Amino acid sequence: MTSKHPETLALHAGWRRDSATNAVAVPIYQTTSFQFDSAEHAANLFGLKELGNIYTRIMNPTTDVLEKRIAAMEGGVAALGLASGQSASAFAVLNLARAGDNIVSSTDLYGGTWNLFANTLKDQGIEARFVDPTDPEAFARATDDRTRVYYAETLPNPKLIAFPIAEVAAIGRKFGIPLVMDNTAAPILVRPFDHGAAVVMYSTTKYIGGHGTSIGGIVVDGGNFDWEAHPLRQPALNTPDPSYHGAVWSQAVKPLGPIAYILKMRVTLLRDLGACMSPFNAFLFIQGVETLALRMREHSRNARAVADFLAARKEVTRVIHPAHHTGAAAERSAKYLPHGQGGLVGFEIVGGTEAGRRFINALQLFYHVANIGDSRSLAIHPGSTTHSQLTEAEQLATGVTPGYVRLSVGLEHIDDILADLSQALAAAAG
Ligand code: PLP
């Protein structure tokens with residue numbers, strides 16, 4: 001498949017037909033194990049002399065199609081499907097950082113990722129140094145000899161300010177540090193590899209699926225990072241791995257292409273921690289990917305219309321949307337999101353927490369859920385739900401004011417979306 005267009009790759013990359021039956025749709029290979037052709041074949045697979053199916057905890061042909069398809073759409077070389085977005089973020093870091101090492105991460109993160117970095121990885125001896133994403137040089141200042149990874153989200157909510165991918169990736173490349181981008185909120189709209197990121201990860205639970213049926217995650221290797229050039233900075237890929245007969249991944253994997261990072265993740269972390277994607281969920285994500293480009297266009301169009309509508313309402317004091325920023329944040333939107341700004345919109349409602357609750361209770365079309373990226377429109381009032389355990393000062397630091405409402409605008413007809421928002425705003429104003 002030679003196309004560069006995501007619409008075409010989403011339908012064709014990684015699969016033509018089933019070699020056994022000629023089936024056009026990707027089958028669900030719901031099997032734990034795969035029969036080896038011979039003792040030699042088995043030994044070759046285990047020795048990585050040949051790539052092929054062994055056991056579904058480590059690889060599966062249905063998941064393989066999803067991995068190839070998303071890698072192609074991202075402009076990367078290979079990918080690894082995982083059980084959730086959380087496992088994808090954890091693996092993206094654990095693949096390079098060990099106890100005593102650190103990572104530098106943007107402060108503007110999904111709460112689950114924040115907890116993973118600030119608490120669980122800390123307990124494992126890996127320190128996360130959080131820095132302000134509006135200042136790319138902050139990443140350089142927080143770096144020392146034990147920094148292994150830079151980490152950020154392309155379009156973090158609630159602030160919805162695009163991350164300076166190219167600026168931070170360039171700083172990292174000077175040090176030999178890869179930038180891992182969580183692109184969950186902006187598939188299709190942003191391709192972080194085009195801006196110099198080395199690794200992309202997704203919670204496929206969100207837009208990649210779109211149908212809201214399945215939890216999953218994926219890590220994509222850009223194949224664009226010279227691990228070998230930084231042996232001291234990246235020991236995990238440049239020193240013998242005792243768990244694989246002393247393999248040095250940057251060397252051992254060379255004949256297979258620039259896939260050292262992702263292959264090591266598959267055959268060590270996935271082998272040992274077992275957070276694999278089920279073939280059934282991979283099948284459902286493949287159904288989602290087929291329409292991803294169309295959906296992202298439509299989500300972006302509807303969300304923009306919602307943002308413009310809210311900006312004109314007297315019950316709304318502020319609209320948070322990439323097209324409604326000013327100053328440096330607006331420049332970031334123009335640089336990174338010229339073809340659509342995604343489906344998320346935030347706004348502040350007059351009347352604070354109480355008005356926020358009344359607004360949510362009055363919604364009829366929007367679902368009240370903690371998710372984003374569904375084809376259906378979703379809403380939440382973070383101050384009384386996702387962020388309620390934080391103090392007001394902490395809430396403000398993350399960008400959540402008492403009257404802040406987050407919308408994940410879906411694919412319903414825009415007239416129905418605006419009608420629901422309009423009646424709920426009126427109800428909230430009492
Ligand atoms: N990253 C982002 C930006 C998210 O919004 C989420 C989930 O909300 C995750 C990662 C974690 O993904 P999952 O819920 O699939 O584990």
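Residues numbered from 1 in each chain as written. Predicted model: local features only at pLDDT ≥ 70, side-chain atom pairs only at ≥ 80, totals over all residues. Heavy atoms only, no water.

Colleague: Where do I start with the packing of aromatic side chains in this structure?
Modeller: Two measures describe an aromatic ring pair: the distance that separates the ring centres and the angle between the ring planes. Taken as a whole and judged by the stated rule, the model has nine aromatic pairs. Aromatic pair phenylalanine 36 and phenylalanine 46: ring centres 6.1 Å apart, planes at 65°, arrangement edge-to-face. Taken together, the residues span a long stretch of sequence, with phenylalanine 36 in the loop between α1 (6-12) and α2 (39-46) and phenylalanine 46 in helix α2 at a distance of ten residues. Judged by centre distance (3.9 Å) and plane angle (15°), the rings of tryptophan 114 and phenylalanine 130 are stacked. With tryptophan 114 in helix α5 (residues 111-123) and phenylalanine 130 in strand β3 (residues 127-131), the pair connects residues that are 16 residues apart, well separated along the chain. Judged by its relative accessible area of 25%, phenylalanine 130 falls in the partly exposed class. Every member of this aromatic cluster is reached through a ring pair, and the members are Phe139, Tyr150 and Phe163. (Phe/Tyr/Trp six-rings, centres within 6.5 Å; stacked < 30°, edge-to-face > 60°. Helix = DSSP H or I, 4+ residues; strand = E, 2+ residues; numbered from the N terminus. Buried < 20%, exposed > 50% of the residue type's maximum accessible area, 1.4 Å probe, protein only.)

Colleague: Looking at this model, I keep getting lost on helix α12 (residues 292-311). Mind explaining?
Modeller: For an α-helix, the turn length of 3.6 residues means that residues three or four places apart are oriented alike. Relative to the 28 Å expected for 20 residues at 1.5 Å per residue, α12 spans 28 Å between its end C-alpha atoms, a close match to the ideal helical length. Listing the buried residues of α12 in full gives Leu292, Ala293, Arg295, Met296, His299, Ser300, Asn302, Ala303, Val306, Ala307, Phe309 and Leu310. (Expected span 1.5 Å × (residues − 1).)

Colleague: Looking at this model, I keep getting lost on the site of the ligand. Mind explaining?
Modeller: The environment of the ligand is made up of Ser84, Gly85, Gln86, Tyr110, Glu153, Asp182, Thr184, Ser203, Thr205, Lys206, Ile215 and Gly216. Here serine 203 contributes a side-chain N or O atom positioned 2.8 Å from an oxygen atom of the ligand. Within the contact set of the ligand, an oxygen atom lies 2.6 Å away from a side-chain nitrogen or oxygen of threonine 205. Burial of the ligand by the surrounding chains reaches 89%, relative to a free accessible area of 390 Å². (Near = heavy atom within 4 Å. Polar contact = N/O pair within 3.5 Å; in protein donor to acceptor, adjacent residues only side chain to side chain. Areas by Shrake-Rupley, 256 points an atom, 1.4 Å probe, with all protein chains shown as cover.)

Colleague: Where do I start with the pairing of strand β7 (residues 217-221) in this structure?
Modeller: The two faces of the sheet receive side chains in turn, since in a regular strand these alternate between them. Across the five residues of β7, five count as buried, placing the element largely inside the fold. Residues Gly217, Val219 and Asp221 line one face of β7 and the alternating positions Ile218 and Val220 line the opposite face, and both faces are buried. Two elements, strand β1 (residues 78-82) and β7, share five bridges in a ladder whose sense is antiparallel. Along β7, the bridge assignment pairs leucine 80 with valine 219. Sheet analysis places strand β6 (residues 199-203) next to β7, joined by five bridges and oriented antiparallel. By the bridge assignment, valine 200 is partnered in β7 with valine 220. (Pairing = 2+ DSSP bridges.)

Colleague: I would appreciate a short explanation of the domain arrangement of the chain in the present structure.
Modeller: Domain boundaries in the chain define domain 1 (6-287) and domain 2 (294-429). Between domain 1 and domain 2, the C-alpha centre-to-centre distance is 30 Å. Every contact between the two is made by 29 residues of domain 1 and, on the other side, 35 residues of domain 2. Buried surface at the junction of domain 1 and domain 2, summed over both partners, amounts to about 2,500 Å²; 60% is from carbon and sulfur atoms. (Domains from an automatic or database assignment. Contact = heavy atoms within 4.5 Å. Buried area = accessible area lost by both parts, 1.4 Å probe.)

Colleague: Looking at this model, I keep getting lost on the environment of alanine 370. Mind explaining?
Modeller: Mapped onto the fold, alanine 370 is located in the loop between β10 (367-368) and β11 (378-380). In this structure the C-alpha to C-alpha distance between alanine 370 and threonine 386, which are 16 residues apart in sequence, comes to 7.4 Å. Not counting chain neighbours up to four residues away, the residues in contact with alanine 370 comprise Ile380 and Arg406.

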